Amino acid sequence: MADKYIELNNSERMPAIGLGTWRGDESGLLAQTIKTAVGLGYRHIDCAKIYGNQVEIGKALTEVDVPRKDLYIVSKIYENRHRPELVAGALDDILNELQLEYLDLLLMHWPHALKPEVTTMSFDSSDIDNVPIMDTWRAMEDLVSTGKVRSIGVSNFNQAILEKMIPQCRIVPAVNQIEIHPYNQAKELVKFCKTSGIAVTGYCPLGGTRVNVMNDDFIKHVAEAHVGTPAQVALSWALARGIAVIPKSTNELRLKQNLHQVTLTSDEMRMIGKIEKQERKVDPAREHKELEWVFHEDKMVCPVI
Ligand SMILES: NC(=O)c1ccc[n+]([C@@H]2O[C@H](COP(=O)([O-])OP(=O)(O)OC[C@H]3O[C@@H](n4cnc5c(N)ncnc54)[C@H](OP(=O)(O)O)[C@@H]3O)[C@@H](O)[C@H]2O)c1
């Protein structure tokens, strides 16, 4: 249900189920989706500057019947604002688009940086910028005392980066948002984050549009056994691992279903643990070999800390 929370390392708590908004506007339905979702009980909304839809989300948020303090709004600094002198302005821009005075959680969307003039998700390898992660992170740490952001975290960070980063942090990331679904379970990384006090949010928890988790025979079999849906099985499996989930849907019935879990047996949890395929929806190395280090730690050249 929507009233589950994940405790963060700074005494804040994050609703365990959130609404994804990437491409939530593909059919012009985003504003209505936000209002419907909040009406159904969603309190956590996952946004990002690069999704290009925060203005629409911000307007919809002014029209919901829930006080700001009861919402949990997350957004992400895009790679083109990693230079430390650009970070505070990037947050102000996000707040302005969302019509908010503060964010509950601000994430560094990716560990790699792009040159400031890049404004889309498609870029050339020559657009990659050489900004050390800790320079960006220290600028993010400075934002917490301004009151414009309650927690700060990262996204798409692997264990090798976090291991180098954590000893240098004044504020350890509260959250690492990474791709998690039954075909990409990230067992080692989740374990490392938990022992380091970093909460995990799973993005593409249904496999997104690329990874076919919803058609997996075993997931479908478990769904039938619980008189539920494959999506409920995938989400319940992640939540039972203590991972927050941010499924995206623009469909009211699916929004409603995604809020309700099934209780998986330990055998079902164990068996789902075995259908791992290390199949990702998202991997920047598909287009940019230079970015293999982001998800393939053995390729880690680490010019970035
Ligand atoms: N940090 C990052 O780098 C990063 C990367 C990717 C995504 N994200 C975040 O994670 C969110 C979720 O990821 P995602 O949107 O890529 O994928 P997802 O939530 O795993 O899957 C969304 C897809 O599943 C469908 N769907 C939703 N509920 C369903 C259900 N109950 N049964 C069957 N199909 C269902 C949706 O279609 P309908 O809308 O038609 O229901 C949509 O096509 C994003 O929206 C974004 O906020 C973050």
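Refer to the structure printed above.
Residues numbered from 1 in each chain as written. Predicted model: local features only at pLDDT ≥ 70, side-chain atom pairs only at ≥ 80, totals over all residues. Heavy atoms only, no water.

(A) Summary view of the layout of surface pockets. In this structure, the largest pocket spans a volume of roughly 1,300 Å³. Lining of the largest pocket is provided by 46 residues; of these, Trp22, Cys204, Thr209, Lys281 and Val282 occupy positions nearest its centre. Examining the composition of the lining of the largest pocket, we find that three residues originate from one element, helix α9 (residues 252-258), more than from any other. Partitioned by chemical class, the residues of the lining of the largest pocket number 17 nonpolar, 17 polar and twelve charged. Space inside the second largest pocket adds up to approximately 460 Å³. Lining the second largest pocket are 20 residues, and of these Asn184, Ala186, Gln278, Arg280 and Phe295 sit closest to its centre. When contributions to the lining of the second largest pocket are tallied by element, the ones reaching two or more residues are β10 (175-179) and α6 (187-195). Looking at the lining of the second largest pocket element by element, the count peaks at three residues for α6. Partitioning the lining of the second largest pocket into residue classes produces six nonpolar, six polar and eight charged. (1 Å grid on protein atoms, 1.4 Å probe; cavity = no way out; pocket = protein on both sides within 12 Å on 5 of 7 lines; lining within 4 Å. Points joined across faces, edges and corners; volume = space filled by probe spheres on them. Helix = DSSP H or I, 4+ residues; strand = E, 2+ residues; numbered from the N terminus. Nonpolar A, V, L, I, M, F, W, Y, C, P; charged D, E, K, R; others polar.)

(B) Highlighting the packing of helix α2 (residues 54-62) against helix α3 (residues 84-98). It is the contact of α2 with α3, at a shortest axis distance of 6 Å, that shows an interaxial angle of 50°. It follows from the interaxial angle that α2 and α3 lie oblique. Taking contact as the criterion, the partners of Gln54, Val55, Ile57 and Gly58 in α2 are, on α3, Ile94, Glu97 and Leu98. Considering only residue class, the contact of α2 with α3 consists of four nonpolar, two polar and one charged. (Axes fitted to C-alpha atoms, helices over the stretch in contact; angles between N-to-C directions. Parallel < 35°, antiparallel > 145°, perpendicular 65-115°, else oblique. Contact = heavy atoms within 4.5 Å.)

(C) Expanded view of the side chain of Asn156. Relative to the elements of secondary structure, Asn156 occurs in the loop between β9 (149-155) and α5 (159-165). At a separation of 2.9 Å, a polar atom in the side chain of Asn156 contacts the main-chain carbonyl oxygen of His109. Sequence-distant contacts of Asn156, that is, excluding residues within four places in its chain, are made with His109, Trp110, Pro111, Asn176, Gln177, Ile178, Tyr203, Val294 and Phe295. (Polar contact = N/O pair within 3.5 Å; in protein donor to acceptor, adjacent residues only side chain to side chain.)

(D) Spotlight on the packing of aromatic side chains. Taken as a whole and judged by the stated rule, the model has two aromatic pairs. If you follow Arg13 out to its NZ or CZ, it ends over the ring of Tyr5, 3.7 Å from the centre. The ring of Phe295 has Arg280 lying over it, and the distance from NZ or CZ to the ring centre is 3.8 Å. (Phe/Tyr/Trp six-rings, centres within 6.5 Å; stacked < 30°, edge-to-face > 60°. Lys NZ or Arg CZ within 6 Å of the ring centre and 35° of its normal.)

(E) Unusual backbone geometry, seen in detail. Although it is not a glycine, Val227 sits at a positive phi angle of roughly 50°. On the secondary structure map, Val227 appears in the loop between α7 (217-225) and α8 (230-240). Assessed through its relative accessible area of 77%, Val227 is described here as exposed. In this structure, Gln278 is a non-glycine residue whose phi angle is positive, near 50°. Along the chain, Gln278 turns up in the segment after α10 (266-272). With relative accessibility at 66%, the residue Gln278 sits in the exposed group. (Buried < 20%, exposed > 50% of the residue type's maximum accessible area, 1.4 Å probe, protein only.)

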